[in-house]
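Spelled out from the first residue to the last, the chains are:
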Amino acid sequence: MHGTRIPQRKRLRLLIGDITRVAADAIVNAANSRLAGGGGVDGAIHRAGGPGIMRELDEIRARQGGCPTGSAVATSAGNLPAQFVFHAVGPVYRGGRAREAELLASCYRTCLEMAEERGLKKISFPSISTGAYRYPVDEAAEVALRAVAAHLTRENTRVEEVLFVLFDKATYDSYARVLKQLEY
Ligand code: AR6
């Protein structure tokens, strides 16, 4: 079992699967800064969640014109097994010297703060930026797992469980390897 340095109640877990099928209080989407929908996990979330999610994003776009890279916006979750979707905008990978790690970590931290603000216990993440945005999975896994583990070891977190729902075995294996190396 992973999680030895994290207090018993506060778990970080890795699963292989489709994030739209796993119940959580908030499901994180890997969105784009126009909040315009797209392929990958974004497409799956809109298909499974229904059109109400895009209607809410239209309102957010009208109000604030999108979402900066490294940040996230919240909508309700429509037909998904969750209360909220947090639409996080990961960086496009451009070789690693364009603040990609900082921006990717910021996605995870922002979503965890949004969960704290809402008093949520369980949040699920996909592997942000490692599909269409081409972030190398091993590097992204290290950034993601460090950011989440740092949050879960905080004294004052109310988040009890963080799930990474990874779509394919290669991505899962990469996260599992990094998690083991981090010795959490
Ligand atoms: N459940 C969990 N993970 C999934 C699912 C799913 N149903 N479907 C795909 N993945 P990507 P990005 C994995 O491309 O790189 C979109 O068009 C996928 O295998 O979804 O952040 C947006 O609109 C990969 O491991 O997100 C943006 O324009 C991971 O999710 C852009 O792509 C992320 O791949 C964002 O690109």
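Check the entry above for the structure.
Read on for a plain summary of the structure. (Residues numbered from 1 in each chain as written. Predicted model: local features only at pLDDT ≥ 70, side-chain atom pairs only at ≥ 80, totals over all residues. Heavy atoms only, no water.)

**Here we look at the packing of helix H3 (residues 100-117) against helix H4 (residues 137-152)**
Packing of H3 against H4 brings their axes to within 9 Å, and their N-to-C directions diverge by 35°. Helix-helix and strand crossings are classified by hand; for H3 and H4 the assignment is right-handed. Between H3, through Ala101, Leu104, Ala105, Tyr108, Leu112, Glu113 and Glu116, and H4, the contact on the second element is made entirely by Ala140, Val143, Ala144, Ala147, Val148 and His151. (Axes fitted to C-alpha atoms, helices over the stretch in contact; angles between N-to-C directions. Helix = DSSP H or I, 4+ residues; strand = E, 2+ residues; numbered from the N terminus. Left-handed = near helix turned anticlockwise from the far one by under 90°. Contact = heavy atoms within 4.5 Å.)

**A word on H3**
For H3, built from 18 residues, the straight-helix expectation of 26 Å at 1.5 Å per residue is met to within 8% by its first-to-last C-alpha distance of 26 Å. Looking at H3, one finds that the buried residues are Glu100, Leu103, Leu104, Ala105, Ser106, Cys107, Tyr108, Cys111, Leu112, Met114, Ala115 and Glu116. Where H3 terminates, the next one or two residues include glycine 119, which has phi positive at roughly 70°. (Expected span 1.5 Å × (residues − 1). Buried < 20%, exposed > 50% of the residue type's maximum accessible area, 1.4 Å probe, protein only.)

**Considering the sheet that holds strand S1 (residues 11-16)**
Reading across from one edge, S1-S6-S5-S2-S4-S3 is the order of the six strands in this open sheet, with mixed pairing throughout. On the outer flanks of this sheet lie S1 and strand S3 (72-76), each paired with one strand and no other. Across the sheet, the axes of successive neighbouring strands diverge by a mean angle of 25°, strand direction being ignored. Pairing analysis gives two bridges linking strand S2 (residues 26-31) to strand S5 (residues 122-125), with the strands arranged parallel. Residue pairing across strands places isoleucine 27 opposite serine 124, the latter belonging to S5. Along the sheet face, helix H1 (residues 40-49) touches S2 and strand S4 (84-89) and points at about 130° away from the line of S2. Those strands touched by helix H2 (residues 52-64) are S3 and S4, and its axis lies near 140° from that of S3. (Pairing = 2+ DSSP bridges.)

**A look at the site of the ligand**
Around the ligand sit 23 residues in total, of which Asn32, Asp42, Ser129, Gly131 and Ala132 are the nearest. Side-chain polar atom of aspartate 42 to an oxygen atom of the ligand: 2.7 Å apart, as the coordinates give it. For the ligand, an oxygen atom lies 3.4 Å from a polar atom in the backbone of threonine 130. Surface burial for the ligand is 90%, taken as the share of its 700 Å² of free accessible area covered by protein chains. Secondary structure elements with two or more residues in the shell around the ligand: S2 and H1. For the shell around the ligand, the element with the most residues is H1, which contributes four residues. Of the residues assigned to the shell around the ligand, the class counts are 10 nonpolar, 10 polar and three charged. (Near = heavy atom within 4 Å. Polar contact = N/O pair within 3.5 Å; in protein donor to acceptor, adjacent residues only side chain to side chain. Areas by Shrake-Rupley, 256 points an atom, 1.4 Å probe, with all protein chains shown as cover. Nonpolar A, V, L, I, M, F, W, Y, C, P; charged D, E, K, R; others polar.)

**Details of the packing of aromatic side chains**
Enumeration over the complete set of coordinates arrives at six aromatic pairs. When the centroid spacing of 4.8 Å and the interplanar angle of 55° are considered together, the rings of tyrosine 93 and tyrosine 135 count as tilted. Of this pair, tyrosine 93 sits in the loop between S4 and H3 while tyrosine 135 sits in the loop between S5 and H4, placing them 42 residues apart in sequence. According to the relative accessible area criterion, tyrosine 93 is buried, its value standing at 16%. When the ring of tyrosine 108 is compared with that of phenylalanine 125, the centres are 4.8 Å apart and the planes differ by 50°; the resulting orientation is tilted. Placement of the pair is tyrosine 108 in helix H3 and phenylalanine 125 in strand S5, with a sequence separation of 17 residues. Assigned by exposure class, tyrosine 108 and phenylalanine 125 land together as buried. (Phe/Tyr/Trp six-rings, centres within 6.5 Å; stacked < 30°, edge-to-face > 60°.)

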